[in-house]
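These are the residues of each chain, in order.
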There are 2 protein chains.
Amino acid sequence: MASITKFTLCLGFFLLLSFPLTLSSPLHLRSSKNAPRFLADFSRTINNSRPLKYSKYRYETRYFDQILDHFSFSDLPTFRQRYLINTEHWVGSGQLGPIFLYCGNEGDIEWFAVNTGFVWEIAPRFGAMIIFPEHRYYGESMPYGSREEAYKNVTTLAHLTAEQALADYAVLITELKRNLSAQACPVVLFGGSYGGMLAAWMRLKYPHIAIGALASSAPVLQFEDIVPPEIFYDIVSNDFRRESVDCFNTIKKSWNVIASEGEKNDGLLRLTRTFRFCKKLETADDLSNWLSSAYSYLAMGNYPYPSDFLMPMPGNPIKEVCRRIDSCPDGTGILQRIFEGVSVYYNYTGTVDCFDLDDDPHGMTSGWDWQACSEMIMPFASSKNTSMFPAYDYDYTSEEELCLENFHVKPRPTWITTEFGGHGFKSVLKTFGSNIIFSNGLLDPWSGGR
Amino acid sequence: MASITKFTLCLGFFLLLSFPLTLSSPLHLRSSKNAPRFLADFSRTINNSRPLKYSKYRYETRYFDQILDHFSFSDLPTFRQRYLINTEHWVGSGQLGPIFLYCGNEGDIEWFAVNTGFVWEIAPRFGAMIIFPEHRYYGESMPYGSREEAYKNVTTLAHLTAEQALADYAVLITELKRNLSAQACPVVLFGGSYGGMLAAWMRLKYPHIAIGALASSAPVLQFEDIVPPEIFYDIVSNDFRRESVDCFNTIKKSWNVIASEGEKNDGLLRLTRTFRFCKKLETADDLSNWLSSAYSYLAMGNYPYPSDFLMPMPGNPIKEVCRRIDSCPDGTGILQRIFEGVSVYYNYTGTVDCFDLDDDPHGMTSGWDWQACSEMIMPFASSKNTSMFPAYDYDYTSEEELCLENFHVKPRPTWITTEFGGHGFKSVLKTFGSNIIFSNGLLDPWSGGR
């Protein structure tokens, strides 16, 4: 997609380096028997197990009483939206100090705040205020008082949508500016991945509120038939192939080995031991999903420097995975090689004794699972010829069945493009969506959707 | 407001002539004791009593299953949205025939269709398809199966909002274009008054769906403190003063005469007889409201030719009102003069024996009353110095109380400007809202809000 870059900062490269790539793995579509698995699960794990201790970014935590339903007048309770704010560099309303607003995505906002160094780094140069509002239904910003209540059923989850989240940001910033008599101060949006989609959409829908947006790794075209559904897995696969064709081929061959091993007597037990799971595998598919997840996240986090965002990983982690897979002694079996490789993702620190599979088979605790079953309908497929993943076609019908089964919700597969556009997006951006930078690196699998 | 007129048709003058000016009268704010009275009541009356027989406009009536809540995934029933369609002049998708879409406003869509001659007149010249979708909660497009159910309470009325109506239009047109393989055909929006606001907002919010909008008499700035709250009644008053200063003064004096008459013994009975009401007046305020309504609608419909939209009226009806007021024989009392004048509005055909006041004191049957109590919060006041109406200040608190009392809904007075903009609208239009024509005549009282 052509970027409209009147907005004069040249941020692309920095942002690629400093922005985490989130969003779900499309993995769940491999088999409708498997529950969806998304990044939000990982974020929870990370936040629970490793408290945030990034003293270098200082912010105040505040809360704002937010309307749960902006677009109708239902008599619903409000909820407390959390936002992080830093005003130490702000030159004030008198000097029209800008406001940098990061559009919080599908996780605890502190997680995104401490992993978005770029915004913190440039704010002093612009005399900017920094605000990180949290996305509703994530982190502490829970309607109905608690995560448990908010995620209870289709009725309580109903208002977890992108449009409502954008309206939250619009209302919050308008109110905040009013209180600070800062109505004339320009607002610049930031966001990565889903947050990047929100930043771009917000600039399109609320041009009176924000003067520009830096939308990093934002696959706003990954809907309907706009881009080929194979593109995500093709890019992941290419990321591995460019490091090593052997590595690519080992992974590509592994799926059949896993499947046939799983069908043997005691095969699942042997797979459990090889991959050191804490509990016995129930199906070989569970293992394949666990592996596919790792490859996708490795591609999303394939930074040239060590990072600690998704999991602790070395710099150029895919290079490291392939080095381990390829450098096993001759005669090492495929499964053992795969285990050595994937440990770069799941156990780089070497502290894990045994691995747990996701213990939430219905995905009810993950907000992204809900979003992916309601409006974020992104078709994914895997090509027999170009992908290292098992081949599969996109099958909307089974996806819909899964959503009805898990969430009692019927997806609206054409809604996002109706609401935000998509087909012919370039022409809209040319005449309308000024000051939006779409940045990404070409190794990023989400670059296919931009 | 400066119009951005890249859209090359020069339509302003035609539209002023052919477009009805609707929207509510702001009258209800004169006294919080009085229930709001809006145009939607009149439209109902008109449609019930005078069937539409405009054979010159041919259209097919169709229905579309519409989602009641576009912005959340509540398990609500869908509703049947009515739309009128004419394809006889359409040159087809192969030739990229344009689609003219009128954004239905607060009333039966047939009423707007037959009173929007301009769209019908220009369609053949452009080889255009014409679509008139009806606004939800009006005409036949009733959620919950019937008007009675839809207007039952705050819960059923909750989804009567402008944002939901815009989404209706977006979904309908997207689906229709898909079915016709007409995705590449340009859509041009039309709308007058509230429908004009919808057309402008739709172009801003859905630039990927419509390439331009002709927003006629659309007071998109009549919110918060953007324009002075006195502007509406000042323009109405000036419309009368420019015809005759005597007429203006007679009306200005009449309010005190009515009030003091109402306080006398049998005063209400005398007022009832003078103004030929079918039932005895309960308060003098009811009469004042009835008169104020007429003056506002006369200004809204002050066309230079006879019209039959609001009520049957002669051309230049204000000139005629003032002629009657001024030409009474010397010695005629103020009240008799006022009655002669207002009869131009309420009884131009001379067929009315006695007049009924609105018999719906809680305004529950009028959708616009609900909208004016939820998001369409337009401040109105009347200036002691420049208006012919009784002086009053804008008092949001009493307005809010009235809404809580009548509808159990708390208005959101800053929501429309947050959602659609308003402050600094010009700068947004310069860089964003291309191809929107805001047209109006300066006699139109709603021109103050543009």
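Shown above is the structure to which this text applies.
Presented here is an overview of the structure given in this document. (Residues numbered from 1 in each chain as written. Chains lettered and ligands numbered in written order. Predicted model: local features only at pLDDT ≥ 70, side-chain atom pairs only at ≥ 80, totals over all residues. Heavy atoms only, no water.)

### Thoughts on the interface of chain A and chain B
Step number 1: Listed by partner, the interface residues are 44 residues for chain A and 44 residues for chain B.
Step number 2: Buried surface at the junction of chain A and chain B, both sides included, amounts to about 3,500 Å², of which 62% is carbon and sulfur.
Step number 3: At the junction of chain A with chain B, the criterion picks out two salt bridges.
Step number 4: Where A:Glu224 meets B:Arg178, a salt bridge forms, and the shortest distance between an N and an O atom there is 3.5 Å.
Step number 5: Where chain A packs against chain B, one counts 21 residue pairs in polar contact (both at pLDDT 80 or more).
Step number 6: Among the elements of the structure, helix H7 (162-179), helix H8 (194-205), helix H15 (367-374), helix H17 (415-420) and helix H18 (425-431) of chain A are those that each provide at least two residues to the side of chain A that touches chain B.
Step number 7: It is H7(A) that provides the largest number of residues to the side of chain A that touches chain B, a total of seven residues.
Step number 8: For the side of chain A that touches chain B, a count of residues per class yields 18 nonpolar, 16 polar and 10 charged. (Contact = heavy atoms within 4.5 Å. Buried area = accessible area lost by both parts, 1.4 Å probe. Salt bridge = Lys/Arg side-chain N within 4 Å of Asp/Glu carboxyl O. Polar contact = N/O pair within 3.5 Å; in protein donor to acceptor, adjacent residues only side chain to side chain. Helix = DSSP H or I, 4+ residues; strand = E, 2+ residues; numbered from the N terminus. Nonpolar A, V, L, I, M, F, W, Y, C, P; charged D, E, K, R; others polar.)

### Description of empty space enclosed by the protein
Step number 1: Throughout the structure, instances matching the rule amount to five cavities of 30 Å³ or more.
Step number 2: Around the largest cavity sit 13 residues that line it, and A:Phe71, A:Lys205, A:Glu419, B:Lys205 and B:Glu419 are the ones nearest its centre.
Step number 3: Elements that contribute at least two residues to the lining of the largest cavity include exactly H7 and H17 of chain A together with helix H7 (162-179) of chain B.
Step number 4: Residue classes in the lining of the largest cavity are distributed as seven nonpolar, no polar and six charged. (1 Å grid on protein atoms, 1.4 Å probe; cavity = no way out; pocket = protein on both sides within 12 Å on 5 of 7 lines; lining within 4 Å. Points joined across faces, edges and corners; volume = space filled by probe spheres on them.)

### Structural notes on the pattern of salt bridges
Residues and elements named next belong to chain A.
Step number 1: In the structure shown here, the tally under the stated rule is 34 salt bridges over all chains.
Step number 2: Arg82 is the salt-bridge partner of Glu140, the closest N and O atoms lying 3.2 Å from each other. Remark: Arg82 occurs in strand E2 (residues 79-86) and Glu140 occurs in the loop between strand E4 (129-133) and helix H5 (147-150); sequence separation between them is 58 residues.
Step number 3: Residue classification places Glu140 among the partly exposed residues on the basis of a relative accessible area of 42%.
Step number 4: Look at Arg82 and you get buried, because its relative accessible area is 2%.
Step number 5: One connected set of salt bridges, linked through shared partners, spans Arg82, Asp108, Glu110, Glu134 and Glu140. (Buried < 20%, exposed > 50% of the residue type's maximum accessible area, 1.4 Å probe, protein only.)

### Points about the relation of the copies chain A and chain B
Step number 1: Taken as rigid bodies, chain A and chain B are interconverted by a rotation of 180° and an axial shift of 0.0 Å, the fit giving an RMSD of 0.0 Å. On this basis, the relationship between the two copies can be described by a two-fold rotation axis.
Step number 2: By residue overlap, the copies meet face to face through one surface: 100% of the interface positions of chain A are interface positions in chain B. (Least-squares fit on C-alpha atoms with pLDDT ≥ 70 in both.)

### Here we look at the sheet that holds strand E5 (residues 187-192) of chain A
All names here are of chain A.
Step number 1: One open sheet accounts for seven strands, arranged E1-E2-E4-E3-E5-E6-E7; its pairing is mixed. Both edges of this open sheet fall to strand E1 (60-66) and strand E7 (436-439), since each of them pairs with a single strand only. Strand-to-strand, the axes of this sheet are offset by a mean angle of 20°, without reference to chain direction.
Step number 2: With four bridges joining them, strand E6 (residues 212-216) and E7 adopt parallel strand pairing. Along E7, the bridge assignment pairs Ala215 with Phe438.
Step number 3: Packing of H8 onto the sheet brings it into contact with E5, E6 and E7, and relative to E5 it is tilted by some 150°. (Pairing = 2+ DSSP bridges. Axes fitted to C-alpha atoms, helices over the stretch in contact; angles between N-to-C directions.)

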